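Structural overview
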Amino acid sequence: MSGTGKRVLVAKPRGYCAGVDRAVEAVEQALEQHGAPVYVRKQIVHNKHVVETLSERGAVFVDETDEVPEGAIVVFSAHGVSPAVRDEAKARSLTTIDATCPLVTKVHQEAKRFAREDYDILLVGHEGHEEVEGTSGEAPTHIQLVESAADVDKVTVRDPEKVVWLSQTTLSVDETMETVGALREKFPTLQNPPSDDICYATQNRQVAVKAMAPHCDLVLVVGSPNSSNSVRLVEVALNAGAGASYLIDYAREIDEAWLDGVETVGLTSGASVPEVLVRGVLDYLAERGWESVEEVTTAEETLTFALPRELRPSRVAR
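Residues numbered from 1 in each chain as written. Predicted model: local features only at pLDDT ≥ 70, side-chain atom pairs only at ≥ 80, totals over all residues. Heavy atoms only, no water.

A separate point is empty space enclosed by the protein. Scanning the entire structure with this criterion turns up 1 cavity of 30 Å³ or more. Roughly 260 Å³ of internal volume is contained in the largest cavity. Lining the largest cavity are 22 residues, and of these Cys17, Val20, His79, Thr170 and Asn229 lie nearest its centre. Along the lines of polarity and charge, the residues of the lining of the largest cavity split into 10 nonpolar, 11 polar and 1 charged. (1 Å grid on protein atoms, 1.4 Å probe; cavity = no way out; pocket = protein on both sides within 12 Å on 5 of 7 lines; lining within 4 Å. Points joined across faces, edges and corners; volume = space filled by probe spheres on them. Nonpolar A, V, L, I, M, F, W, Y, C, P; charged D, E, K, R; others polar.)

The subject of this paragraph is the pairing of strand β4 (residues 73–76). Burial along β4 is two-sided: the residues Ile73 and Val75 and Val74 and Phe76 are all buried. Two strands pair when backbone bridges link them, and strand β2 (residues 38–41) and β4 are joined in this way by 3 bridges, in the parallel orientation. Along β4, the bridge assignment pairs valine 40 with valine 75. As judged from the 4 bridges shared by β4 and strand β5 (residues 95–98), these two strands associate in the parallel manner. Paired with valine 75 across the bridge in β5 is isoleucine 97. Note on the crossover from β4 through helix α3 (residues 83–91) to β5: the handedness is right-handed. (Buried < 20%, exposed > 50% of the residue type's maximum accessible area, 1.4 Å probe, protein only. Helix = DSSP H or I, 4+ residues; strand = E, 2+ residues; numbered from the N terminus. Pairing = 2+ DSSP bridges. Right-handed = clockwise from strand over helix to strand, strands pointing away.)

What follows is about the packing of helix α7 (residues 200–212) against helix α8 (residues 228–239). At a minimum axis separation of 9 Å, α7 and α8 run at an interaxial angle of 25 degrees. By the criterion of interaxial angle, the relationship of α7 to α8 is roughly parallel. Between α7 and α8 lies a crossing whose hand is right-handed. Each of Thr202, Arg205, Gln206, Val209 and Lys210 in α7 lies in contact with α8, whose residues at this interface are Asn229, Arg232, Leu233, Val236 and Ala237. Along the lines of polarity and charge, the residues of the contact of α7 with α8 split into 4 nonpolar, 3 polar and 3 charged. (Axes fitted to C-alpha atoms, helices over the stretch in contact; angles between N-to-C directions. Parallel < 35°, antiparallel > 145°, perpendicular 65-115°, else oblique. Left-handed = near helix turned anticlockwise from the far one by under 90°. Contact = heavy atoms within 4.5 Å.)

Once that is clear, we can look at the pattern of salt bridges. Inspection of every chain in the model, using the stated rule, returns 18 salt bridges. For arginine 113, the salt bridge identified is with glutamate 117, shortest N-O distance 3.5 Å. Classification of glutamate 117 by relative accessible area gives partly exposed; the value is 35%. Here lysine 154 makes a salt bridge to aspartate 151, at a shortest N to O gap of 3.3 Å. With relative accessibility at 17%, the residue aspartate 151 sits in the buried group. Connected through shared salt-bridge partners, Arg14, Glu275 and Glu295 make up one network. (Salt bridge = Lys/Arg side-chain N within 4 Å of Asp/Glu carboxyl O.)

A word on the layout of surface pockets. Each pocket or cavity is described by its volume, and for the largest pocket that value is around 260 Å³. For the largest pocket, the lining is made up of 14 residues, of which Arg86, Thr96, Asp98, Arg309 and Glu310 are closest to its centre. Mapped onto the lining of the largest pocket, the elements with two or more residues apiece are α3, β5 and α4 (102–116). Here the element with the most residues in the lining of the largest pocket is α3; it accounts for 3 residues. Residues belonging to the lining of the largest pocket are distributed by class as follows: 5 nonpolar, 3 polar and 6 charged. Considered as a void within the structure, the second largest pocket measures approximately 190 Å³ in volume. Lining the second largest pocket are 14 residues, and of these Cys17, Ala18, Asp21, Leu303 and Thr304 lie nearest its centre. In terms of residue count, the dominant contributor to the lining of the second largest pocket is helix α1 (residues 18–34) (4 residues). Residues that form the lining of the second largest pocket fall into these classes: 8 nonpolar, 2 polar and 4 charged.

Relative to the assigned elements, glycine 125 resides in the loop between β6 (120–124) and α5 (130–136). By relative accessible area, glycine 125 is classed as buried at 0%. Residues glycine 125 and threonine 170, 45 residues apart in the sequence, show an inter-C-alpha distance of 8.6 Å.

On the basis of which strands lie adjacent, the open sheet formed by 5 strands has the order β10-β9-β11-β1-β12 and parallel pairing. The open sheet has two edge strands with one neighbour each: β10 (245–248) and β12 (292–297). Strand-to-strand twist in this sheet, taken as the mean axis angle between neighbours without regard to direction, amounts to 25 degrees. Pairing of strand β1 (residues 7–12) with β12 involves 6 bridges; the strand directions are parallel. Bridge pairing in β12 links leucine 9 to glutamate 294. Packed onto the sheet, α8 meets β9 (218–222), β10 and β11 (264–269) and runs at close to 165 degrees relative to β10. Seen against the sheet, helix α9 (residues 275–287) touches β1, β9, β10, β11 and β12 and runs at an angle of roughly 165 degrees to β11.

Take a look at the structure:
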């Protein structure tokens, strides 16, 4: 990373992950194939700009399935839904398009498997988050939510030899491992998930911020307040040595006072943030003298996911 003077360090990877890209495209394709309105249960991804843009195109966002007219089309968000929600959609004769991120689906499958094997499942995550509600709904009698290491004292299980932990995909890796460490002290034979539950994109964005933050007087994270992975990036930046860090949806939300005495600004974005919003922040900073931009790359991402099967072209028999 080059010398001193006003400069911007931009984290890479940042922004859209494969699951978000797929979910947003699913709504766009549903509108294209079926016309407006297309209903979406909850926010398709946790980003204000994305939701507003899709709303302008004819997507109608609802909190619950019973708000969707009978027989209409509904898209399930990237965060996943419980079996109860699927049953409700079926009862209302809704045409469903499932935009659940495949990495969230993987956690659902793990929950079902361990419930079948009669394990107590300790789910590390945030109460009320849609992903946690969906995963918990797969095995409600077997899953307990553990939000942090401070909650571990309250956890009780039927058989300490049959306990496994799973996690929400968008958490801070460091905080999750701290919670798991506390759980393992209490339950020494605690099993790990078959593979990482915290998604590759969440981890990659945190690693990039850790590399950048020690060199930054200020780190700006573009993302919405209800985006778990975006909020975590602010925490990661501060823990890694940034002078200050703030979460913003748009460049216009930057407080000029934050820039007082600042030479190096770090910039990243959550996994549900389109790149146009990052460009807006770069333009804002350039107008104020931060014209030197350097990318800090810690990983290259090439993963893509196919569209939900309901939106793929049907194969014509020959």
